[in-house]
Amino acid sequence: GGGGGGPREEESIEVDDRDIGRIIGRGGANIRDLQDGTGCRIETPQRKADGEENSLRQVKLRGTKEQIKRCKDAISGVLMGDEPKDVLAEIDGAVLLKNVDSMSMGHLAKIKAEIEEKHAVTLDLDARSARIWAKDGNRDKAFEAKEAIEEAMEDITTVETL
């Protein structure tokens, strides 16, 4: 939302050839999320130009200074293997719970309202991760909610393994 103030700028970052695919994602999913979440345009090079020996490619970022900074932060998270939405949520102050298995996620969906109520947080559940936002922006509350969720999940996994 909002067309952040400030003039549009362009900046290039060097990305290893093998990592370009991570930025783009399956069917362009990552690059879409990154662009939507940062307001920054991302241009990836099509093919290595003839004579480009090294495997570094220039990726162009266009946007305001803030958008570009946010986009660079998000891209570094994605290159470390995280989902763009998770990285962006974290940049914005959410606390993440990652790599949740489907059984635990099913349980979390059941106790979502209770956790939100008790800890004054908002839970944003995805396929394999949960993003926890404190309603008043106090991350400590989000961390407490995360601990409560982890304990609740430990309970189900112990029950299942008995």
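The structure under discussion appears in the preceding block.
So, here is what we can say about the structure in this document. (Residues numbered from 1 in each chain as written. Predicted model: local features only at pLDDT ≥ 70, side-chain atom pairs only at ≥ 80, totals over all residues. Heavy atoms only, no water.)

As a further point, take the overall build of the protein. Broken down by element type, the protein carries six helices and six strands. Counting from the amino terminus, the protein carries its helices and strands in the arrangement β-α-α-β-β-α-α-β-α-β-β-α. Taking all contacts inside the protein whose residues are at least 6 apart in sequence as the whole, residues at least 24 apart take part in 58%. Of the accessible surface of the protein, which amounts to about 9800 Å², a share of 47% is contributed by carbon and sulfur atoms. (Helix = DSSP H or I, 4+ residues; strand = E, 2+ residues; numbered from the N terminus. Contact = heavy atoms within 4.5 Å. Areas by Shrake-Rupley, 256 points an atom, 1.4 Å probe, with all protein chains shown as cover.)

On to the sheet that holds strand β3 (residues 56-63), then. Pairing between the strands of a sheet comes from backbone hydrogen bonds, and it takes one of two forms, parallel or antiparallel. As summarised here, the arrangement of the three strands in space is β1-β3-β2, forming an open sheet in which the pairing is antiparallel. What marks the edges here is a single partner per strand, and that holds for β1 (9-16) and β2 (41-43). The sheet shows a mean angle of 25° between the axes of neighbouring strands, taken without regard to direction. The sheet contact formed by β2 and β3 spans three bridges and is antiparallel. Looking at the pairing, R41 lines up with R62 of β3. (Pairing = 2+ DSSP bridges. Axes fitted to C-alpha atoms, helices over the stretch in contact; angles between N-to-C directions.)

Next up on the list: the layout of surface pockets. Counted as a void, the largest pocket has a volume near 410 Å³. In this structure, the largest pocket is lined by 17 residues; those nearest its centre are D82, E83, P84, D86 and R128. For the lining of the largest pocket, the per-class residue count stands at three nonpolar, five polar and nine charged. (1 Å grid on protein atoms, 1.4 Å probe; cavity = no way out; pocket = protein on both sides within 12 Å on 5 of 7 lines; lining within 4 Å. Points joined across faces, edges and corners; volume = space filled by probe spheres on them. Nonpolar A, V, L, I, M, F, W, Y, C, P; charged D, E, K, R; others polar.)

Attention shifts here to the sheet that holds strand β4 (residues 95-97). Spatially, three strands are ordered β4-β6-β5 in an open sheet, and the strand pairing comes out antiparallel. Among the strands making up the open sheet, the edge pair consists of β4 and β5 (121-125). Here the average twist between neighbouring strands, direction ignored, is 20°. Helix-sheet contacts for helix α5 (residues 102-119) involve β5 and β6 (130-134), and the interaxial angle to β5 is about 160°.

What follows concerns the state of the cysteines. Tallied over the full model, the rule gives zero disulfides. Free cysteine C71: the closest other cysteine sulfur is in C40, separated by 3.9 Å. Note on C71: relative accessible area 0%, which makes it buried. (Disulfide = S-S within 2.5 Å. Buried < 20%, exposed > 50% of the residue type's maximum accessible area, 1.4 Å probe, protein only.)

Right, let's talk about the pairing of β3 for a bit. Note on strand geometry: in a regular strand, side chains alternate between the two faces of the sheet. What you see with β3 is a clean split: R57, V59, L61 and G63 sit on the buried side and L56, Q58, K60 and R62 on the side with no burial. Relative to β3, β1 runs antiparallel, the two sharing eight bridges. Each bridged residue has a counterpart across the sheet, and for V15 the counterpart in β3 is R57.

Turning to helix α2 (residues 29-38), its buried residues number three or more, namely N30, I31, L34, Q35 and T38. Axial view of α2: buried residues confined to an arc of 130°, hence all on one face. Looking at the packing, one finds that the buried side of α2 touches α1 (20-24), β2, α3 (65-79) and α4 (84-91). Just downstream of α2, G39 is the residue with a positive phi angle, here 75°. (Arc of directions from axis to C-beta.)

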